[in-house]
Amino acid sequence: MIAKKFYDKIYVIENFISEDEQKTLIDLVNCHDENDWFKNDNNDLSDFWIGKTLVLNNNNILNNIYNRFNKLFTSKLDITGLHSINRHKKDESMGNHYDQWLENIDYEIEYGMVLYYNDNYSGGELVYPDLNLIIKPKERSLVIHGGKILHGTATVNDNSYRYFSTVFVKGNKSNPVILNSEIFKEI
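None of these values were measured; they are calculated from a predicted model.

1. Focus: the environment of Pro129
Link 1 in the chain: Note that Pro129 resides in the loop between strand 7 (126-128) and strand 8 (133-135).
Link 2 in the chain: Considering only alpha carbons, one finds Pro129 and Thr153, 24 residues apart in sequence, at a separation of 10.0 Å.
Link 3 in the chain: With residues near it in sequence (within four places) discarded, Pro129 still touches Asn96, Leu150 and His151.

2. Points about the pattern of salt bridges
Link 1 in the chain: Applying the stated criterion to the full structure yields 7 salt bridges.
Link 2 in the chain: Of the charged contacts, one joins Glu14 and Lys4 as a salt bridge, the two residues approaching to 4.0 Å between their closest N and O atoms. Within this pair, whereas Glu14 is found in the loop between strand 2 (10-13) and helix 1 (19-30), its partner Lys4 is found in strand 1 (residues 4-7), the two being separated by 10 residues in sequence.
Link 3 in the chain: Residue Lys4 is classed as partly exposed on the basis of its relative accessible area, which comes to 46%.
Link 4 in the chain: Ionic pairing is found between Lys23 and Asp27, a salt bridge with its closest N-O pair at 2.7 Å. In this pair, Lys23 and Asp27 are both assigned in helix 1, 4 residues apart and thus about one turn of the helix distant.
Link 5 in the chain: By relative accessible area, which is 51% here, Lys23 ends up exposed.
Link 6 in the chain: By relative accessible area, Asp27 is classed as partly exposed at 40%.
Link 7 in the chain: Each of Lys4, Glu14 and Lys138 takes part in salt bridges that share partners, so that together they form one network.

Conventions used here
Residues numbered from 1 in each chain as written. Predicted model: local features only at pLDDT ≥ 70, side-chain atom pairs only at ≥ 80, totals over all residues. Heavy atoms only, no water. Helix = DSSP H or I, 4+ residues; strand = E, 2+ residues; numbered from the N terminus. Contact = heavy atoms within 4.5 Å. Salt bridge = Lys/Arg side-chain N within 4 Å of Asp/Glu carboxyl O. Buried < 20%, exposed > 50% of the residue type's maximum accessible area, 1.4 Å probe, protein only.

As far as function goes, none of this settles anything; it's purely spatial.
As structure tokens, this is what we get:
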């Protein structure tokens, strides 16, 4: 597993999950009823997050992926978010935002990570407007970006679903986030 640098503090790791893991998770989300998907109706997020989430607590594959996330860093991590799969369908997207959205907390979101389960949809690209950068990650790829980099997604244009998980890596002065030099050696 080797990370490729797209831009300062933006990395991509292709084939982060196996084809078997991908197939199992896609099959799992496809067998869930629409009522199982949660829509975030929080007024603070309604303009920015347009999509749904399926919570999968105690899923063995997601637990194994979580362990893989830990290997990306050499520091003790505080990772949040990997207990669900998100979905965008036609006309859905995520507005431009920073991952460090809370103020007056004793940590920072050092990195946001997005795991892409599929790429068979039109639109839905990851957009970094301040950098004039657009990325359409391949299926099974992980995108890692600094928490203070403005980003969002383009709208999905067709009737296919875009499946992904979003994870945040927290750090502070007493517990800094340090990238694993073996994985990020070409950077």
